[in-house]
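# Survey of secondary and tertiary structure
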Amino acid sequence: MRMNNKPVPLRPLIHYADLSKLVSRLKIPVHWHVKKLRGGEIPGPEGRLLKLRKSVTALIKYERIEMDYYPAEEARGYAERLISEAVRHGPQCPETMEMADWWLEEKQLIHKLFKVLVPRYQHYPSSFTNFYRAPFWYFSDGFQSQLNEKYPDREINETIPAFRTVSYPKGLLELKGNPYPPIFRTNVTNPRSIQNVLLSSAKDFFKSQPPKDTKDSKAEVSNAENSSNTDFVPVEPNSEGNVKEFSK
Amino acid sequence: MTVRPSFHVISRAGRWVLTKPKNEVTSRSFSLTVPLSNATLRRSLLFDAEKKKQRQAVGRIEKIEVDVVSDFGNELLIMNKDLSTPHDCAKHISKFVVQTAVVALINSNQPWDMHRPLTEACRLQFLKTTDKNPWVANNVFWRSCSFMLGAVVSKAFRDDISVVLHSFPSPNIQSGSFVLDAYIGLESWNPSPEEMRQLSKEMVKLSEKELIFERLSVTKEVAEDMFSDNPYKLGHISKIYGNHNEVVIYRLGDHVDISRGPMMSHTGLIGRCTIASVHYLKEDQLYRFQGVALPKGHKLNHYAYGILEKRAMLLNSHMIPSEASLSYEPTPEYATEAKEVSN
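Computed from a predicted model, the values in this text were never measured in an experiment.

### Here we look at the overall build of chain A
In terms of regular secondary structure, chain A is built from eight helices and five strands. A buried classification covers 15% of the 248 residues belonging to chain A. Excluding contacts between residues fewer than 6 apart, the proportion of contacts in chain A whose partners are at least 24 apart in sequence is 68%.

As structure tokens, then:
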């Protein structure tokens, strides 16, 4: 039994100060806990890296991927590391090239890494990837996708509720500066956008119209409480609530 | 005793799925069910012949430098003079630009059709309706809606009812609706709501085809030959040619019409569309079709859109042919120049 409560290091300590000079510092938070990735054909750390390699290759290829949350989070770190090494050392460095050669299964992506991504991320102050939590259940899918995972060989009626099915969280990983439309719409109101021009001119038009039924106006006032057939009066479009214009 | 519906039943709704990207090449005829009238077909064939002729007149291909400035990167492209279009340039930038650009802007001041060949070295931008200042793109969109309405109206009626398109005025978004004037061979026609809905449906069908607007600048003789069956247009053509020394015509599918332009890239940019009303203009003996539309990707709640629809049901008095007597232009489309330009 240990007498003192001090933890005893199981392996020799690495001097982290020196290590940080050798390896470029990632600009994403990396958790100390290494997630185990099960279910591969090859067990152990090798199988884990082989699984992550697929994700990293797909990320560099498609620039936006949706997959399980935790494998995506792991793959993110390796992709960041690969890009930052490529930015730092370039294609002339044999170690970097070897690393790129291993991580990218499709060899044309090595060209993309050094010719497209390195110029793009040359002066990036922040990290090179974005990571979001994605919905693991789309309403229109019903429960079918989850039930298919559980019972792959059964024909499943999609109206069956998901009973005793486990939903793993999904993540969405993307390279910054990708050509796709942004994931989150920006809530910017523009008075010159077409629907706001139409609405403001409609407001002016209806206000300029002479009020109808001038003879019956007094009668209407008297029966204002229980009169159901009121004239059409447009409400002034409220820039926050009523009218929303989303830039693409 | 009533049976409560099972709460397990889930309706299939709610997920917005983008349509599959279609090929850019589109079939030209957009309604196969309606046989084309001879005049329409003849006009389209003449357009084809004229286009072929102009293409052959280009001769030796020269290269021009096009400096493209866009959100997705700037490029200096070497393109073919009188052949390459802004659409071709956009293909070098991004597919997203190809799909969403409404109109191109040359040297920061001249709106230019996406499918019109470039004639000289220039600086090229692409305008969208979601820009900070979408003035040009909005007007181009509005004009294209009028043009599409013309294509729909000319095919919507039975064969025994004669339809002669008059014109459509310059785009005025403040007036609340886009407009088309046409002679319809019907006496005291009061369109039912079903008929209006059918017209709106035809507009949506046309937009789903994603047909491109083809532009051609022709001489007076060719234009008069094309529109020889349309007495209104014949009058317009001579006046236009007197002022501009050219007549600009556009083709959408098989529908050919006169317009100053520019038009938007393709019909798929229309999102929500309503043909709201048809009014009879007594003095001109014309029917005025009115509608309201929003570009794809622009969202508006139902109530607010209802306000726009209600307004479009009232007569839009923007440039009624007989009332605009002082500043009367035969095709009022040519009358106002779009000189204001967005950044």
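Past the structure itself, the notes keep going.
### Considering the sheet that holds strand β2 (residues 75–80) of chain B
All names here are of chain B. Pairing is mixed across the open sheet formed by five strands, whose spatial order is β2-β1-β5-β3-β4. Here the strands that pair on one side only, and so sit at the sheet edges, are β2 and β4 (110–112). Adjacent strand axes in the sheet meet at a mean angle of 35°, parallel and antiparallel pairs treated alike. In this structure, strand β3 (residues 103–106) lies alongside strand β5 (residues 122–127), joined through four bridges in antiparallel fashion. Bridging across to β5, A104 finds its partner in F126. Helix α2 (residues 86–93) rests against β1 (63–69), β2, β3, β4 and β5 of the sheet, and its axis sits at about 140° to β2. Here helix α4 (residues 135–156) sits on the sheet and contacts β3, β4 and β5; the angle it forms with β3, its principal contact strand, is near 135°.

### Brief notes about α4 of chain B
The terminal C-alpha atoms of α4 of chain B lie 31 Å apart, and with 22 residues this matches the ideal 32 Å at 1.5 Å per residue to within 8%. Judged by how many residues are buried, α4 of chain B sits mostly within the fold: 21 of 22 residues are covered.

### Overview of the sheet that holds strand β7 (residues 178–184) of chain B
All names here are of chain B. If you trace the four strands from one edge of the open sheet to the other, you get β6-β7-β12-β11, paired in antiparallel fashion. Edge positions in the sheet fall to β6 (163–167) and β11 (270–281), since each of these pairs with one other strand and no more. The mean inter-strand angle of the sheet, taken between neighbouring strand axes irrespective of direction, is 30°. As defined by bridge partners, β7 adjoins strand β12 (residues 286–295) across five bridges and the pair is classed as antiparallel. Looking across to β12, one finds that D181 is bridged to R288. Relative to β7, α4 is tilted by about 25°, and along the sheet it contacts β6, β7, β11 and β12. Running over the sheet, helix α8 (residues 302–313) touches β11 and β12 and is turned about 25° from β11.

### A few points about the confidence of the model for chain B
Residue and element names in this part refer to chain B. Here chain B shows a mean pLDDT of 84. Residues at 70 or above account for 84%. Considering only residues more than four positions removed or in separate chains, one finds that residues 325–343, a stretch of pLDDT under 50, has 40 contacts. Of the two predicted TM-score estimates for the complex, the pTM is 0.65 and the ipTM is 0.83.

### So, unusual backbone geometry
All names here are of chain B. The step from G261 to P262 runs through a cis peptide bond, and the omega angle for that step is -5°. Positionally, P262 belongs in the loop between β10 (255–258) and β11. Phi at S108 takes a positive value of approximately 60°, unusual for a residue other than glycine. By the element assignment, S108 lies in the loop between β3 and β4. The class of S108 is partly exposed, set by 13 C-beta atoms lying within 10 Å. With a phi close to 55°, M319 is a non-glycine residue in the positive phi region. By the secondary structure assignment, M319 is in the segment after α8. According to the C-beta neighbour criterion, M319 is buried, with 22 such atoms within 10 Å.

How each quantity is defined
Residues numbered from 1 in each chain as written. Chains lettered and ligands numbered in written order. Predicted model: local features only at pLDDT ≥ 70, side-chain atom pairs only at ≥ 80, totals over all residues. Helix = DSSP H or I, 4+ residues; strand = E, 2+ residues; numbered from the N terminus. Buried ≥ 20, exposed ≤ 12 C-beta atoms within 10 Å, placed from the backbone. Contact = placed C-beta atoms within 7 Å. Pairing = 2+ DSSP bridges. Axes fitted to C-alpha atoms, helices over the stretch in contact; angles between N-to-C directions. Expected span 1.5 Å × (residues − 1). pLDDT = per-residue confidence, 0-100.

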